[in-house]
Amino acid sequence: MMAQDRPFIAVVPARFGSSRLPGKPLLDIAGEPMVAHVWRRAAASSASRVVVATDDNRIRDALTPLGAEVVMTRADHPSGTDRLAEVAELLALDDDAVLVNVQGDEPLIPPRLIDQVAMRLHDDAEASIATLAEPIADVESLFNPNVVKVVRSLSGLALYFSRAPIPWDREAFAARPEWLETDAWLRHIGIYAYRAGFLAAYRDWPPSALERLEQLEQLRALHYGHAIQVALAAEPNPPGVDTPEDLERVRALLSENR
């Protein structure tokens, strides 16, 4: 079955406020706002529709001349998932409609991964969310709290997400190895596919204690008993933009490719 037979909508949440990079969606990368690069990547996927969801008129005004569809949302959403729930309501989507959350700080995301996560959800009727992961190859990333780790079951369902180095290798970590020699550790890639009906339920659940502790919104779904399918990414996903150093690295990469 081809992707066009399993339609999905790509949604790019773009919040203006950021503690580390104020106005992050509008930061210039190779002559365009960062969010414009994300929108173009999403438009290059098989999505039947691409929507940017924002709470700020400056983002809307920057994207509208490019031909992007922009939906204005509330400013008080605690997470991107909550923002997508409002988008699904504003667009009056059927409960079975699939939406892919393409984070607005991923200007290098491969369109193939957007397609992959959408198809993974279409293929698993029991899962409420689909997402992606890739192997962690170095100890520095494993112990970096900004790199989210995921442990999954034999069938690919998420068991837990954490900023901590899970699973914990009791013997090897005690010896502080210089590198990892196994693929037991997975980095979570923050792209999600949901059904609109699930989003409507998610928005009404109080955040869980684990979600608050880890600051990871996907833990709310696990807390309330919903399955998250985690597939290995079909190709490497370049890191997003969280820090000024990330921004300079992405600027250099995109300038080289022009």
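Not measured: the values here are computed from a predicted model.

Calculation notes
- Residues numbered from 1 in each chain as written.
- Predicted model: local features only at pLDDT ≥ 70, side-chain atom pairs only at ≥ 80, totals over all residues.
- Heavy atoms only, no water.
- Core = buried A, V, L, I, M, F, W, Y, C linked by side-chain atoms within 4.5 Å.
- Buried < 20%, exposed > 50% of the residue type's maximum accessible area, 1.4 Å probe, protein only.
- Helix = DSSP H or I, 4+ residues; strand = E, 2+ residues; numbered from the N terminus.
- Contact = heavy atoms within 4.5 Å.
- pLDDT = per-residue confidence, 0-100.
- Pairing = 2+ DSSP bridges.
- Expected span 1.5 Å × (residues − 1).
- Arc of directions from axis to C-beta.
- Salt bridge = Lys/Arg side-chain N within 4 Å of Asp/Glu carboxyl O.
- Phe/Tyr/Trp six-rings, centres within 6.5 Å; stacked < 30°, edge-to-face > 60°.

Enquirer: For the nonpolar core, give the residues involved together with the corresponding values.
Expert: Phe8, Val52, Leu63, Val100, Val102, Ile114 and Ile191 are the most contacted members of the largest nonpolar core, which totals 33 residues. Those elements giving two or more residues to this core turn out to be strand E1 (9-14), helix H1 (34-43), strand E4 (49-54), helix H2 (57-63), strand E6 (98-102), helix H4 (111-123), strand E7 (129-135) and strand E10 (186-195). Discounting chain neighbours no more than four positions away, the residues touching phenylalanine 8 are Ser45, Ser46, Ala47, Ser48, Arg49, Val98, Val100, Ile114, Asp115, Ala118 and Met119. Judged by nonpolar contacts, the second largest core, of 32 residues, contains Val87, Leu91, Leu93 and Tyr202.

Enquirer: Give me the confidence of the model for the protein chain: which residues, what numbers.
Expert: Residues at a pLDDT of 70 or more form 94% of the protein chain, whose mean pLDDT is 90. Across the protein chain, the secondary-structure element scoring lowest on mean pLDDT is helix H6 (residues 170-174), at 72, and the one scoring highest is strand E9 (residues 158-162), at 98.

Enquirer: Outline helix H3 (residues 80-90), listing residues and values.
Expert: With eight of 11 residues buried, H3 lies mostly within the body of the structure. Taken residue by residue, H3 has Thr81, Asp82, Arg83, Leu84, Ala85, Glu86, Val87 and Ala88 as its buried positions.

Enquirer: Requested: an account of the pairing of E7, with residues and values cited.
Expert: Of all the seven residues making up E7, six are buried; the element is thus mostly covered by neighbouring parts of the structure. In this structure, E7 lies alongside strand E11 (residues 228-232), joined through five bridges in parallel fashion. Along E11, the bridge assignment pairs leucine 132 with alanine 231.

Enquirer: Quick rundown of helix H10 (residues 244-256)? Include the residues and the values.
Expert: When the terminal C-alpha atoms of H10 are compared, their 19 Å separation across 13 residues agrees well with the 18 Å that a helix rising 1.5 Å per residue should span. For H10, every residue scored as buried is listed here: Asp246, Leu247, Val250 and Leu254. The buried residues of H10 occupy one face: seen down the axis, they fall within an arc of 100 degrees. Away from its buried face by more than 90 degrees, H10 exposes Glu245 and Glu256. In this fold, the buried residues of H10 make contact with strand E2 (28-29) and H1.

Enquirer: Could you give me a rundown of the pattern of salt bridges, with the residues and numbers involved?
Expert: Pairs can form between side chains of opposite charge whenever their charged atoms are close. A complete count under the given rule lists 16 salt bridges for this structure. One salt bridge connects arginine 58 with aspartate 56, and the closest N-O pair in it is separated by 2.8 Å. Judged by relative accessible area, which is 47%, arginine 58 ranks as partly exposed. Using a relative accessible area of 12% as the deciding quantity, one classes aspartate 56 as buried. When the shortest N-O distance is used, the salt bridge between glutamate 211 and arginine 220 registers 2.9 Å. The same class applies to glutamate 211 and to arginine 220, which are both buried. Each member of the salt-bridge network shares a partner with another, and the members are Lys24, Asp105 and Asp242.

Enquirer: Help me get a handle on the packing of aromatic side chains, residues and values and all.
Expert: All told, the structure shown has seven aromatic pairs when counted by the stated rule. Aromatic side chains tyrosine 194 and phenylalanine 198 sit 6.2 Å apart centroid to centroid with 10 degrees between the ring planes, which places their arrangement in the stacked category. Of the two residues, tyrosine 194 and phenylalanine 198, neither departs from the other in class, the shared state being buried. Each ring, one from phenylalanine 198 and one from tyrosine 202, has its centre 5.8 Å from the other, and the planes form 50 degrees; the classification is tilted. Highlighted residues: phenylalanine 198 and tyrosine 202, both in helix H7 (residues 196-202), separated by four residues, approximately one helical turn. According to the relative accessible area criterion, phenylalanine 198 is buried, its value standing at 8%.

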